[in-house]
Amino acid sequence: MTLPQKTKISVALYVMAIITLSLMLLTMMFLKFSINGAAVGKTITLNGPWKFKTGDNQQWAQSDFNDSNWESINLTAPAGAHDGDVGLSGYVPGWAARGYPTYSGYAWYRMKISLDSVKKNSIALAGPPAVDDAYQLFINGVLSGSAGDFSGKVPITYSIQPRMFLLPESTKKENYITIAFRVWMSAATSGQAPDVGGIHIAPELGEKSSVESKYRFQWEQTIKGYIVEIVEPVIFILLAISLFLLFRSQQPPRSCKWFILALVLLAFVRANQAIYCWFQIESAHQYDIVTTILLRPLILGCWLMAWWEWYELRQPKWIPSIIVILTLIYMGTQLLGLPSVSSSMNSTFFQKMADNTRLLFVPLMLFIIYRGFLQQERKEWLVLLAILLVSVGLFAQEFAQLHIIPGIWFPYGVGVSTTQYAYAAFTLVMYIILIQKSRKVFVAVYPER
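Since this is a predicted model, take the numbers as computed values, not measurements.

A. Structural context of the environment of A240. Here A240 shows up in helix 3 (residues 228–249). Taking the C-alpha atoms as reference points, A240 and F259, 19 residues apart in sequence, are found 7.5 Å from one another. With near-sequence residues (within four places) excluded, A240 lies in contact with I260 and L263.

As structure tokens, this is what we get:
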């Protein structure tokens, strides 16, 4: 390798590091300075009381149906309450925390509303932006919109997005209207958290322009909430390119194929979260197949192989085979843990197996790190820090159970997870490591300089 080539590699590393840091700073500025005020215009928040009943009957949509014996629930949120994801305000617990901890399936919400305080020239409804998992909206017994696909026997669910529905022209002549939500939650969602189920943020009713303002505001929050999931994949790809350039320049060239593959897969799974939440091109079931069953097990396996490759370990020879077997078992148990694949009892059993299999990656990774650290003549403490940071992201669920720090933070009112912070710090530490390695290679090749 010539001196100009080495200089180009060093410059490229610095450029990649500067671009990465700039992207992080720009993202924080975007979260801080982008519009984050309250929606303009007056709307009526439909907190309730709502009439609520589990089960399903299409007659429950009719405005003249007698729901007096139904349970009454209120969707009024405490001051400052917001969802635990993007930071949408007005969040309340679902039916699992209201006496139905194991229920999944259909449930109905009904309310009769006076239109006296609403201008009747053009009335709209801002749909609830947080619902488990899909819903249909009925106005005076007429289907007026939905979130999810209800055409089949079992509804197909997608991410719940902000939605706006124009009320039928016939409502202009009415003094009262009956709004009914037919909500469906899958068995896969039940048990994920103690407060799942049904509507979490109350819908809002008002004149069209006011509701449009609320609708745009909710979309702004949703976009901001997942913008980090677009930025981090970019910096992962930049880091993968940096690794390739540096390791290829060494004499003899070192392999970094597993490290690059781990970064690419991690970039894809992070970006897919934004794709799933912003676009209706991937159902919840498809998301589970792609992310839960395929990508996450592969990512864990690739990261173990990446550190095996980083430390240039050769012994014991059975470690790579164990990683492959463990990854395949994890994928299989995750698949069998889906309620759509196994019965309710069996899916719970296989999901526990998947969780236990996932934990087996931890001692295996610690063993690899221990063997690699022992064989180093000069200990690389920064590498250990990088491993810790990326592991916080890879094992976020287990790390959250330690209750050391919150699992998600809300700077500027937008949710940013500890995982996202850990991955950002990992990337910066890795650039420091690569720049140091670049200097060592330079000294080894040109000691007189």
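B. Fine view of the nonpolar core. Residues F259, W303, W307, W310, F426 and M430 are the most contacted members of the largest nonpolar core, which totals 61 residues. Breaking this core down by element, the ones donating at least two residues are helix 1 (3–33), helix 3, helix 4 (257–278), helix 5 (284–310), helix 6 (319–336), helix 7 (344–375), helix 8 (381–394) and helix 10 (418–445). Counting residues per element, this core draws most heavily on helix 5, which supplies 11 residues. Not counting chain neighbours up to four residues away, the residues in contact with W310 comprise L243, F247, R254, F259, E380, V383, M430, I433, L434 and K437. Counting residues in hydrophobic clusters, the runner-up holds 33 residues, among them F52, V92, L167 and V183.

C. Representation of helix 2 (residues 208–226) in the model. In this model helix 2 runs 27 Å from its N-terminal to its C-terminal C-alpha over 19 residues, within 8% of the 27 Å that 1.5 Å per residue would give. What helix 2 keeps buried is the set S210, V211, S213, K214, F217, Q218, W219, Q221, T222, K224, G225 and Y226.

D. Here's a closer look at the pattern of salt bridges. The full count for this structure, using the stated rule, is 7 salt bridges. Residues R270 and E229 are paired through a salt bridge, measuring 3.0 Å at the closest nitrogen-oxygen approach. In this pair, R270 is assigned in helix 4 and E229 in helix 3, connecting sequence segments 41 residues apart. Exposure class is identical for R270 and E229. Each is buried.

E. Quick peek at helix 6. Compared with an ideal rise of 1.5 Å per residue, which puts 18 residues at 26 Å, helix 6 spans 26 Å between its outermost C-alpha atoms and is within 8% of the ideal. Here helix 6 has its buried residues at I319, I323, L326, T327, Y330, M331, T333 and Q334.

Criteria and thresholds
- Residues numbered from 1 in each chain as written.
- Predicted model: local features only at pLDDT ≥ 70, side-chain atom pairs only at ≥ 80, totals over all residues.
- Heavy atoms only, no water.
- Helix = DSSP H or I, 4+ residues; strand = E, 2+ residues; numbered from the N terminus.
- Contact = heavy atoms within 4.5 Å.
- Core = buried A, V, L, I, M, F, W, Y, C linked by side-chain atoms within 4.5 Å.
- Buried < 20%, exposed > 50% of the residue type's maximum accessible area, 1.4 Å probe, protein only.
- Expected span 1.5 Å × (residues − 1).
- Salt bridge = Lys/Arg side-chain N within 4 Å of Asp/Glu carboxyl O.

Limitation: the analysis is restricted to geometry and does not speak to function.
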